[in-house]
Amino acid sequence: MTRTCGSRQHGDERAPSVLSALRSPRLLRTEVLAGLVVALALIPEAISFSIIAGVDPRVGLFASFTMAVSIAFLGGRPAMISAATGAVALVIAPVMRDHGYDYLIATVLLGGAIQVLLSVAGVAKLMRFIPRSVMVGFVNALAILIFAAQLPHLVDVPFLVYPMTAVGIAVIVGLPRVSQVVPAPLVAIVALTGFIVLAGLTVPDVGDEGELPDSLPRLFLPDVPLELETLKIVAPYALAMALVGLLESLLTAKLVDDITDTRSDKTREAWGQGASNVITGLFGGMGGCAMIGQTMINVKVSGARTRISTFLAGVFLLLLVVGFGDVVAIIPMAALVAVMVMVAVGTFDWHSVRPATLRRMPKSETAVMLATVAVTVATHNLAIGVAVGVLVAMTLFARRVAHLTETRRDLVEDEAGEVTAVYTVTGELFFASSNDLYTQFDYVEDPDRVVIDLGASHIWDASTVASLDAITTKYERKGKAVTMVGLDEASAERHGRLTGELSAH
């Protein structure tokens, strides 16, 4: 029987704890094998990201080790994998190119510190403002990028690579239908490696991606002058790294929450990412964040659910590259490509692109999803894609809400025979809707008394107050009196504080 860990999962009682996994041979086997598969998949990725950043492969590999081990203890999302990533590598590459390795490490240290500060400031709470359509676009774009990253390994290669990749995919797809004792990706990697060794064949392997380290990481302090000029150099890149890393990590955590039906501590994950980057920098690593591809291998493919798999992924990575580098080097890339192709297929939200779904989905939601995918794939930057998706969603939402505002004009005659124009405004009043409010009044034909009934609306911002001031001013210029009624408490307070203080149209 497994025990639950409600405190770690914030009330979700279905997630196994570390202790329950350690006491259950079945759960422990799942965690151990998942960690091994992830470690094997991390090696070529870390080497590739090192090349992007312009550093030695050991820098990316050691970063992946320290990030994975650190986040296993510090992070708020169990079973999520953090390591050296392409997004962070792209951000910090200019520092390495223009200023050298010491400045790169200083950037990583400062970036981690900024992440800790942002987490304390509550940046994780901003995740609630990311719409579902942006999340779907994020997931689909990521699947496309994962698949596209495998294409270079399938171009200008020996013909044998293609059937080997096909066999690897067949094993990953078919084996779980027969047995789930051992993760199918691990079986595919071992089987294809054994085939190459026994047959004496030559195909591209992990060793071709770069030289593997033969020593343990050591403490490293960057040799940079502690002065304002250094801060001016590294601060912009450190801030970009912090934002990109947090965005990818928090989005990945949210995705894992959905997959596992559990909840995670996003604030803890945010400062855990920062602390892990500081630790990584102190050991000469290039920094990183959550890796959604490897996380999907760990959670969705291998079935891991605890911090054990994350910790072991880092430990196995170090053992493999330092202690068994010669063995790891002969793993054919075709095996790892097969694993990552199936990760891409499993990550993509196929339901979101079905014709029936697209017909039912509002066009604005589909537009947001497509914008997120298009920008992410075009820039190869998930942070930029998500930012654009959120901006598009906000714009379309504001446009939609603005059209829900209505103004009705009634002429009311009292007992004395005096006529009053009563305008009833319905809907939310903010910058997008209030700009058109000014044109909804008949300034010439209205009688001398005008009443604006705002009982069915709400004033949200200064733009609305400015519009109401402009309406009042125009009526007064024509010698007509305007009275506003029905304001709720918050609207009345905002209007009273700002009216007359803003420039009229």
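Residues numbered from 1 in each chain as written. Predicted model: local features only at pLDDT ≥ 70, side-chain atom pairs only at ≥ 80, totals over all residues. Heavy atoms only, no water.

Enquirer: Which residues make up the overall build of the protein, and what are the values?
Expert: Of regular secondary structure, the protein possesses 21 helices and six strands. With the principal axes as the frame, the protein shows a C-alpha extent of 105 × 60 × 50 Å. Every one of the 505 residues in the protein was classed for burial, and the buried ones make up 52%. When contacts within the protein are restricted to residue pairs at least 6 apart in sequence, those whose partners lie at least 24 apart make up 82%. Roughly 23200 Å² of accessible area belongs to the protein as shown, and the carbon and sulfur atoms make up 62% of that amount. The averaged location of the 45 negative side-chain charges in the protein is 8 Å from the averaged location of its 37 positive side-chain charges. (Helix = DSSP H or I, 4+ residues; strand = E, 2+ residues; numbered from the N terminus. Buried < 20%, exposed > 50% of the residue type's maximum accessible area, 1.4 Å probe, protein only. Contact = heavy atoms within 4.5 Å. Areas by Shrake-Rupley, 256 points an atom, 1.4 Å probe, with all protein chains shown as cover. Lys, Arg positive; Asp, Glu negative; His and termini not counted. Charge placed at Lys NZ, Arg CZ, Asp CG, Glu CD.)

Enquirer: Got a sec to walk through the packing of aromatic side chains? Specific residues and values, please.
Expert: What characterises a pair of aromatic rings is the spacing of the ring centres plus the angle enclosed by the ring planes. Scanning all chains against the criterion turns up ten aromatic pairs. Ring geometry for Tyr101 against Phe220: centres 5.2 Å apart, planes inclined by 55°, an arrangement best described as tilted. Pair noted here: Tyr101 is in helix α6 (residues 101-120) and Phe220 is in the loop between α9 (184-199) and α10 (228-260), with a separation of 119 residues, a long-range link. On the basis of relative accessibility, which here comes to 25%, the residue Tyr101 falls in the partly exposed class. (Phe/Tyr/Trp six-rings, centres within 6.5 Å; stacked < 30°, edge-to-face > 60°.)

Enquirer: Break down the nonpolar core for me, with residues and values.
Expert: Among the nonpolar cores identified, the biggest contains 95 residues, and Ile43, Leu61, Ile130, Leu212, Met286, Ile297 and Leu317 are the most heavily contacted of them. In terms of residues, this core owes the most to one element, helix α3 (residues 25-53), which gives 13 residues. Contacts of Leu61, omitting those with residues within four sequence positions, involve Ile43, Ala46, Ile47, Ser50, Leu212, Pro213, Leu317 and Val321. (Core = buried A, V, L, I, M, F, W, Y, C linked by side-chain atoms within 4.5 Å.)

Enquirer: Provide a residue-level description of the environment of Asp56, including the pertinent values.
Expert: Relative to the helices and strands, Asp56 is located in the loop between α3 and α4 (57-74). For the pair Asp56 and Gly272, spaced 216 residues apart in sequence, the C-alpha separation works out to 26 Å. Among the polar contacts listed, one links the side chain of Asp56 to the backbone nitrogen of Arg58, at a separation of 3.0 Å. (Polar contact = N/O pair within 3.5 Å; in protein donor to acceptor, adjacent residues only side chain to side chain.)

Enquirer: Could you give an account of helix α21 (residues 489-498), naming the residues involved and the relevant values?
Expert: Buried within α21 are the following residues: Ser491, His495 and Leu498. Along the axis of α21, the buried residues cluster in a sector spanning 80°; they form a single face. Facing away from the buried side of α21, by more than 90 degrees, are the exposed residues Glu489 and Gly496. Buried-residue contacts for α21 involve β5 (449-459), α20 (462-477) and β6 (481-485). For α21, the side-chain oxygen to backbone nitrogen distance between the N-cap and Ala490 is 3.3 Å, and the N-cap itself is Asp488. (Arc of directions from axis to C-beta.)

Enquirer: Before we move on, could you go through unusual backbone geometry and cite the residues and values that matter?
Expert: Backbone phi values are negative for most residues with the exception of glycine, while trans is the configuration of most peptide bonds. If you check the backbone angles, Ala79 has positive phi at about 80° while not being a glycine. Note that Ala79 resides in the loop between α4 and β1 (82-83). Using a relative accessible area of 2% as the deciding quantity, one classes Ala79 as buried. The phi angle at Asp156 is positive, at roughly 55°, despite the residue not being glycine. In this fold, Asp156 is placed in the loop between α7 (132-150) and α8 (161-178). The exposure class of Asp156 is exposed, given its relative accessible area of 79%.

Enquirer: Lay out the pairing of strand β3 (residues 406-413) in plain terms, naming residues and giving numbers.
Expert: The pairing of β3 with strand β4 (residues 419-429) spans eight bridges and is classified as antiparallel. Its bridge partner being in β4, Leu411 is matched across the sheet by Ala421. (Pairing = 2+ DSSP bridges.)

Read these as spatial facts, not as claims about activity.
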